[in-house]
Amino acid sequence: MLHVLAVDDERPALEELTYLLSKDPRIGRVTGAADASAALRDLSRMLVEGERLDAVFLDIRMPGLDGLDFTRLLTGFAAPPHVVFVTAHDDCAVTAYELGALDYLLKPVRPERLAESVRRVAAAVRRPSPPAGETSPDPDDEMIPVELGGRTRLVSRRAVTHVEAKGDYVRLHTADGGYLVRMPLSALSKRWEGAGFIRIHRSTLVAAAHITELRFDGGRAAVQIGDELLQVSRRHTREVRDLLVRKFHQPDEGAGDPGEARDDR
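The text that follows walks through the structure, step by step, so that each part is easy to find. (Residues numbered from 1 in each chain as written. Predicted model: local features only at pLDDT ≥ 70, side-chain atom pairs only at ≥ 80, totals over all residues. Heavy atoms only, no water.)

## What about the packing of helix H1 (residues 11-22) against helix H5 (residues 111-126)?
For any two helices packed against each other, the geometry comes down to the angle between their axes and how far apart the axes lie.
Thought 1: Two elements in contact, H1 and H5, have axes separated by 10 Å at closest approach and are oriented at 65°. Between H1 and H5 lies a crossing of right-handed hand. Where H1 abuts H5, its residues Leu17, Leu20 and Leu21 lie against Pro111, Leu114 and Val118.
Thought 2: In the contact of H1 with H5, the residues fall into 6 nonpolar, no polar and no charged. (Axes fitted to C-alpha atoms, helices over the stretch in contact; angles between N-to-C directions. Helix = DSSP H or I, 4+ residues; strand = E, 2+ residues; numbered from the N terminus. Left-handed = near helix turned anticlockwise from the far one by under 90°. Contact = heavy atoms within 4.5 Å. Nonpolar A, V, L, I, M, F, W, Y, C, P; charged D, E, K, R; others polar.)

The following block contains the structure:
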């Protein structure tokens, strides 16, 4: 069963599109978004929570981020959903297909025409791999959409040096600054574990590739990232030390075994 996202800034149009999609037996779940920025936030949440999104059915002319810009941003994702445009404007079809759109529907939408688009989505989802010669985003990276003064920017995971928990949000630290994203640190830690991110504290996640030094002082550990020295909790000291010793190939013979304590200060 397909999971799709419907996006339109006009409420009656969004309700109709959502209804028509939900009636198709090939679609198991339809999520609605009132604009492209909200759609990016929904997509980011789905990625963090490990949900699959197969396709986005969206309008083109919307306030703020329009449908074409949204589609351009999708190229930064490791596994972007397929895109079907549903619009009253027929002058953007060439650009839409150049951006890789799977289909282009004109309003008012006819049910049989929408059914054909769903068939194309289902066929594309079953396709094992992209056509020969077609480029795809770096599978070892991931792009995170962040909101900046009404604009949406994609931040590369590779650029993130460390992450701090801030209540219901996390702050992604990069060389260019910090970005708040609404997601739990626990979910991000689990998702990025295989990408070289290490939990050093209940509120801190760091990228091992950006660590330049591991320090011990009085049984406490800290890691150096750029100009910042981040403390490692006693609970995570042994794990961090073992991982980084293997990374740097420089065992600290005099450090003892500070990992015995289990408090998280």
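## Considering the layout of surface pockets
Thought 1: Empty space within the second largest pocket amounts to approximately 320 Å³.
Thought 2: Lining the second largest pocket are 16 residues; nearest its centre among them are Arg41, Ser44, Val181, Arg182 and Met183.
Thought 3: Residue assignment for the lining of the second largest pocket shows that the elements contributing at least two residues are helix H2 (36-48), strand S6 (143-148) and strand S10 (177-181).
Thought 4: Partitioning the lining of the second largest pocket into residue classes produces 9 nonpolar, 1 polar and 6 charged. (1 Å grid on protein atoms, 1.4 Å probe; cavity = no way out; pocket = protein on both sides within 12 Å on 5 of 7 lines; lining within 4 Å. Points joined across faces, edges and corners; volume = space filled by probe spheres on them.)

## A short note on empty space enclosed by the protein
Thought 1: Per the stated rule, a full pass over the model turns up 1 cavity of 30 Å³ or more.
Thought 2: Along the walls of the largest cavity sit Ser44, Leu47, Val48, Phe77, Glu142, Met143, Ile144, Pro145 and Met183, which together make up its complete lining.
Thought 3: If you list the elements that add at least two residues to the lining of the largest cavity, you get H2 and S6.
Thought 4: For the lining of the largest cavity, the per-class residue count stands at 7 nonpolar, 1 polar and 1 charged.

## Some details on the packing of aromatic side chains
Thought 1: Scanning the model with the defined rule gives 3 aromatic pairs in all.
Thought 2: Their ring planes at 40° and their centres at 6.4 Å tell us that Tyr97 and Tyr104 sit as a pair that is tilted.
Thought 3: Looking at Tyr97, the relative accessible area reads 41%, which means it is partly exposed.
Thought 4: Note on Tyr104: relative accessible area 10%, which makes it buried.
Thought 5: Each member of the aromatic cluster is reached from another via a ring pair, and the members are Phe85, Tyr97 and Tyr104. (Phe/Tyr/Trp six-rings, centres within 6.5 Å; stacked < 30°, edge-to-face > 60°. Buried < 20%, exposed > 50% of the residue type's maximum accessible area, 1.4 Å probe, protein only.)

## A few points about the sheet that holds strand S14 (residues 220-225)
Thought 1: The sheet built from 3 strands is open, its strands ordered S13-S14-S15 with antiparallel pairing. On the outer flanks of this sheet lie strand S13 (213-217) and strand S15 (228-232), each paired with one strand and no other. If you compare each strand with its neighbour and ignore which way they point, the axes differ by 30° on average.
Thought 2: One ladder, built from 5 bridges, connects S14 with S15; its direction is antiparallel. Within S15, the residue paired with Ala221 across the bridge is Val232. (Pairing = 2+ DSSP bridges.)

## Observations regarding the sheet that holds strand S11 (residues 197-201)
Thought 1: Spatially, S10-S9-S8-S12-S11 is the arrangement adopted by the 5 strands of the open sheet, whose pairing is antiparallel. A single partner strand is all that each edge strand has here, and the edge strands are S10 and S11. Strand after strand, the sheet turns through a mean of 25° between neighbouring axes, direction not considered.
Thought 2: Sheet topology places strand S9 (residues 169-174) next to S10; 5 bridges connect them, and they run antiparallel.

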